[in-house]
Amino acid sequence: MNVCMVSYSFYESDNRVRRYAETLAEEGHEVSALVIGRPGQQRRIRINGVSVHRVQFRSRDERGPFGYLRKLLLFFFRTMWILSRMHLRRPYSIIHVHSVPDFEVFAALVPRLLGARVILDIHDIVPEFYAGKFHVSEKSIAFRTLLLVEKMACAFADHVIISNHLWRDRLISRAVPASRCTAIINYPNSRIFFARARQRREDGEFVLFYPGSLNHHQGLDIAIQAVAMLREKLPGIRLRIVGEGPELPNLLSLANRLKIADLVSISGPIALDQVAERMAEADAGVVPKRADSFGDQAYSTKIMEFMATGVPVIASSTTIDRHYFDSGIVRFFAPGSAEDLAKQIAELAGNPEERAAQTGRALHFVGENIWGLKKREYLSLCSDLARDSRNAEPAIEAPSSNRG
């Protein structure tokens, strides 16, 4: 198959996009990816058998929804042009488009008319994501417009993949038939995230680690407040954050106000391989999401990645994480409560035997839920769609390559 991934994301740090692309490449298929890059990166590079094309470069400097939308539209038109041109040179079997945004799927219009099959992969359910990011009501015109775009995008795609089972139920209720919708959660990549031999810390520190976006719904301000509460009780506590996003100045300001800037470090995003290395150096992972309308059902990839790396996890007791995990493998705290998070951190830090027991149970769980065991469902879906593509008549006839 000739397959193209399309995603408004940084390929190196997007576990979901990389996992699909590199799985197909390992199976011998030709795979390319149209993505964004950071200033100074090469336009084209080959990573683990995947030809990565950085269509445009992005700095996270959006100051509102219109600045964000402008960049999305620019990416949309560029990828539409590239996909159309490349499909005429060598037809794609499948174009796998990743959302956010949902409307990016229409960039595959010309290949779709010429017989390619299109997958829409919804990482974050967009209407709720937008409402949470920009604090708008679900009764607003913007929210209702996004619901319409979601429905049109799902109708255009041959198949829809959604990133968790709760969102699948919601999507089926408003946008797509159950027969054309599959839930595939973000399984950890066992080639990157795996348990390493751990040595007892000699520096007296207890290191909490968080990798990911710096958005309000991620609740990192709650984690910083919890660290401040533990400064005297647990003087070795440290919080290390890796990522970028609009909350960065607020988080730095909060750490300064609470006089714990020396205990909290925030550095920019890094590649997945480096994330795994930093995880392995931590004593515990922290996932402090808020239980708002979006965060409550947004599945966190980080939880299972921590498990696979052999690091115990403290996570907010959201609906989605309670759906997949129990308290034997994840230590939960009340959403939004810095006091309860501080309590759970202190208990875990003071009980190395419990940390080891939780880690052992989590490793057993993740061993039964790794991508290597689950990838056949995705490969089977691609195979079926490619077969349909070969058997289908194109909606319009492709121009002949012969002249004369």
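See the structure above.
Below, the structure is looked at part by part.

## Description of unusual backbone geometry
Reasoning step 1: That bond from Val-100 to Pro-101 is cis: its omega, 0°, falls within 30 degrees of zero.
Reasoning step 2: Considering the arrangement of structural elements, one finds Pro-101 in the loop between strand E5 (94–99) and helix H3 (109–113).
Reasoning step 3: Here Asn-48, not a glycine, exhibits a phi torsion of approximately 50°, which is positive.
Reasoning step 4: Inspection of the secondary structure assignment puts Asn-48 in the loop between strand E3 (44–47) and strand E4 (50–57).
Reasoning step 5: Asn-48 gets classed as partly exposed once you look at its relative accessible area, which sits at 44%.
Reasoning step 6: In the Ramachandran plot, Lys-259 falls in the positive-phi region, its phi being about 60° despite a non-glycine side chain.
Reasoning step 7: Relative to the assigned elements, Lys-259 resides in the loop between helix H8 (248–257) and strand E11 (264–267).

## Considerations on helix H12 (residues 338–349)
Reasoning step 1: The terminal C-alpha atoms of H12 lie 16 Å apart, and with 12 residues this matches the ideal 16 Å at 1.5 Å per residue to within 8%.
Reasoning step 2: Within H12, burial applies to Ala-338, Leu-341, Ala-342, Gln-344, Ile-345, Ala-346, Leu-348 and Ala-349.

## As for the pattern of salt bridges
Reasoning step 1: This structure, assessed with the given rule, holds 20 salt bridges.
Reasoning step 2: With a closest N to O distance of 3.6 Å, Asp-273 and Arg-18 form a salt bridge. Of this pair, Asp-273 sits in helix H9 (residues 272–280) while Arg-18 sits in helix H1 (residues 15–26), and the two are 255 residues apart along the sequence.
Reasoning step 3: In this structure Asp-273 comes out as partly exposed when scored by relative accessible area, which is 40%.
Reasoning step 4: According to the relative accessible area criterion, Arg-18 is buried, its value standing at 6%.
Reasoning step 5: The partner of Arg-240 in a salt bridge is Glu-205, with the nearest N and O atoms 3.2 Å apart. You can see Arg-240 sitting in strand E10 (residues 237–242) and its partner Glu-205 sitting in the loop between strand E8 (181–183) and strand E9 (206–211), a full 35 residues away along the chain.
Reasoning step 6: Judged by relative accessible area, which is 24%, Arg-240 ranks as partly exposed.

## Description of a nonpolar patch on the surface
Reasoning step 1: Together, Phe-66, Leu-69, Leu-73 and Phe-77 line one region of the surface with nonpolar side chains, adding up to about 430 Å² of accessible area.
Reasoning step 2: Here Leu-73 lies in helix H2 (residues 65–89).
Reasoning step 3: Using a relative accessible area of 34% as the deciding quantity, one classes Leu-73 as partly exposed.

## What about the sheet that holds strand E6 (residues 117–122)?
Reasoning step 1: Overall, mixed pairing links the eight strands, which are arranged E3-E4-E2-E1-E5-E6-E7-E8 in an open sheet. Of all the strands in the sheet, the pair left with one neighbour each is E3 and E8. Each strand of the sheet is rotated relative to its neighbour by a mean of 20°, with strand direction disregarded.
Reasoning step 2: Relative to E6, E5 is paired through six bridges, and the arrangement is parallel. When the bridges of E6 are listed, Ser-99 appears paired with Ile-122.
Reasoning step 3: Each of E6, strand E7 (159–162) and E8 is contacted by helix H6 (residues 165–174), which is oriented at about 165° to E8, the strand it contacts most.

## Regarding the environment of Glu-128
Reasoning step 1: Mapped onto the elements, Glu-128 comes out in helix H4 (residues 126–134).
Reasoning step 2: Take Glu-128: its relative accessible area is 2%, and that puts it in the buried class.
Reasoning step 3: The sequence separation of Glu-128 and Leu-146 amounts to 18 residues, and the corresponding C-alpha distance is 9.1 Å.
Reasoning step 4: Looking at Glu-128, its side chain comes within polar contact range of the side chain of Arg-170, at 2.8 Å.
Reasoning step 5: A polar contact is formed between the side chain of Glu-128 and the side chain of Arg-174, at a distance of 3.0 Å.

## Structural notes on the packing of H4 against helix H5 (residues 141–156)
Reasoning step 1: Direction vectors running N to C along H4 and H5 enclose 155°, while the axes themselves pass 8 Å from each other. The orientation of H4 with respect to H5, classified from their angle, is roughly antiparallel. Seen from above, H4 lies across H5 with right-handed handedness. Between H4, through Val-126, Pro-127, Glu-128, Tyr-130 and Ala-131, and H5, the contact on the second element is made entirely by Ala-142, Phe-143, Leu-146, Leu-147 and Glu-150.

How each quantity is defined
Residues numbered from 1 in each chain as written. Predicted model: local features only at pLDDT ≥ 70, side-chain atom pairs only at ≥ 80, totals over all residues. Heavy atoms only, no water. Helix = DSSP H or I, 4+ residues; strand = E, 2+ residues; numbered from the N terminus. Buried < 20%, exposed > 50% of the residue type's maximum accessible area, 1.4 Å probe, protein only. Expected span 1.5 Å × (residues − 1). Salt bridge = Lys/Arg side-chain N within 4 Å of Asp/Glu carboxyl O. Patch = residues over 30% accessible without salt bridge, like charges linked within 9 Å, V, L, I, M, F, W, Y side chains within 5 Å. Areas by Shrake-Rupley, 256 points an atom, 1.4 Å probe, with all protein chains shown as cover. Pairing = 2+ DSSP bridges. Axes fitted to C-alpha atoms, helices over the stretch in contact; angles between N-to-C directions. Contact = heavy atoms within 4.5 Å. Polar contact = N/O pair within 3.5 Å; in protein donor to acceptor, adjacent residues only side chain to side chain. Parallel < 35°, antiparallel > 145°, perpendicular 65-115°, else oblique. Left-handed = near helix turned anticlockwise from the far one by under 90°.

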